[in-house]
Amino acid sequence: MDRRQKKTRNAIFRSFIDLLSERNFQAITVEQIIAGADVGRATFYAHFETKDALLRALSQELFDHVAQAGAEAGQLFSCQAPDSPFLHLVQHLQKNDNQILRLLSGQNEPLFAQSFREGLKRLVRSQLPLFAHRKDPRLPEEFWVEHIASVFVDTVRWWTDTGRKESPETVTEYFMLSV
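Counting restarts for each chain, with residues numbered from 1 along the sequence as it is written. Reporting of local features is limited, given that this is a predicted model, to residues whose pLDDT is at least 70; pairs of side-chain atoms are given and counted only at 80 or more, and all residues count toward the totals for whole chains, interfaces and linings. Heavy atoms from the whole structure form the basis of all side-chain values; hydrogens and water molecules are not counted.

Q: Outline the packing of aromatic side chains, listing residues and values.
A: Put simply, two rings from Phe, Tyr or Trp (the six-membered ring, in Trp's case) pair if the centres are within 6.5 Å, and we call them stacked under 30 degrees between planes, edge-to-face over 60, tilted for the rest. Taken as a whole and assessed by the stated rule, the structure comprises eleven aromatic pairs. Look at Phe44 and Tyr45: their rings are 5.1 Å apart centre to centre, the planes differ by 90°, and that puts the pair in the edge-to-face class. Geometrically, the ring pair formed by Phe63 and Phe116 is edge-to-face, given 5.1 Å between the ring centres and 65° between the ring planes. Here Phe116 lies in helix 7 (residues 110-126) and Phe63 lies in helix 4 (residues 51-67), a separation of 53 residues in the sequence. Burial classification: accessible surface area is computed with a 1.4 Å probe over protein chains only, and a residue below 20% of its type maximum counts as buried, one above 50% as exposed, and the rest as partly exposed. For Phe116, a relative accessible area of 3% translates into the label buried. Helix and strand assignments come from DSSP, with helices taken as H or I runs of at least 4 residues and strands as E runs of at least 2, each series counted from the N terminus.

Next up, the structure:
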């Protein structure tokens, strides 16, 4: 993707994220997104087939950023990445970068939760050696990946439900101790 295409894609993401800060995903229209991004309808559809595809792409951007240890490929997420990708992810959740928590906690957006979970499972697969000493050899790998992802999701849910009082480092430590 050339610089101009990245700039247009980021403008669409930014418009979408701004709208998410004001309303639920279901209430947002493509017309509102393109108006905020100052692009045409054809340009939007050249980048994203649907509004749902845009939502999935937002999740993908987050996990690409975490997997690349903070590289600013899409420039939607930027930070000083810690060594742990799980801590890195919790730090972005703490900052509520790009309305991630709103999307995750929103009862109206199972599509983002599903996309987030798939990205999380890819991340877990890439980090399986961290958990190897805890895995019973009788457990199938896919079950183990699903279990670790579920523990992470439940840890984040607990953290948000209790007001995010603990630091990302503490929450990540709780997660690592509970797997």
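Structure's up, so let's keep going.
Q: Tell me about the nonpolar core, and name the residues and values.
A: The tendency in soluble globular proteins is for nonpolar side chains to be buried side by side. By size, the foremost hydrophobic cluster in this structure holds 49 residues, and its most contacted members are Phe16, Leu89 and Leu120. Put simply, the parts of the chain that give this core at least two residues each are helix 1 (3-20), helix 2 (30-37), helix 4, helix 5 (85-95), helix 6 (100-105), helix 7, helix 8 (141-161) and helix 9 (168-178). Among the elements that line this core, the one with the most residues is helix 8, at nine residues. Residue contacts for Leu89: discarding those within four places in its chain leaves Leu62, Phe63, Val66, Phe116, Leu120, Leu123 and Phe152. For this analysis, a nonpolar core means a set of buried residues of the types Ala, Val, Leu, Ile, Met, Phe, Trp, Tyr and Cys, connected via side-chain atoms within 4.5 Å. Between two residues, a contact is recorded if the distance between any of their heavy atoms is within 4.5 Å.

Distances and angles like these do not, on their own, reveal function.
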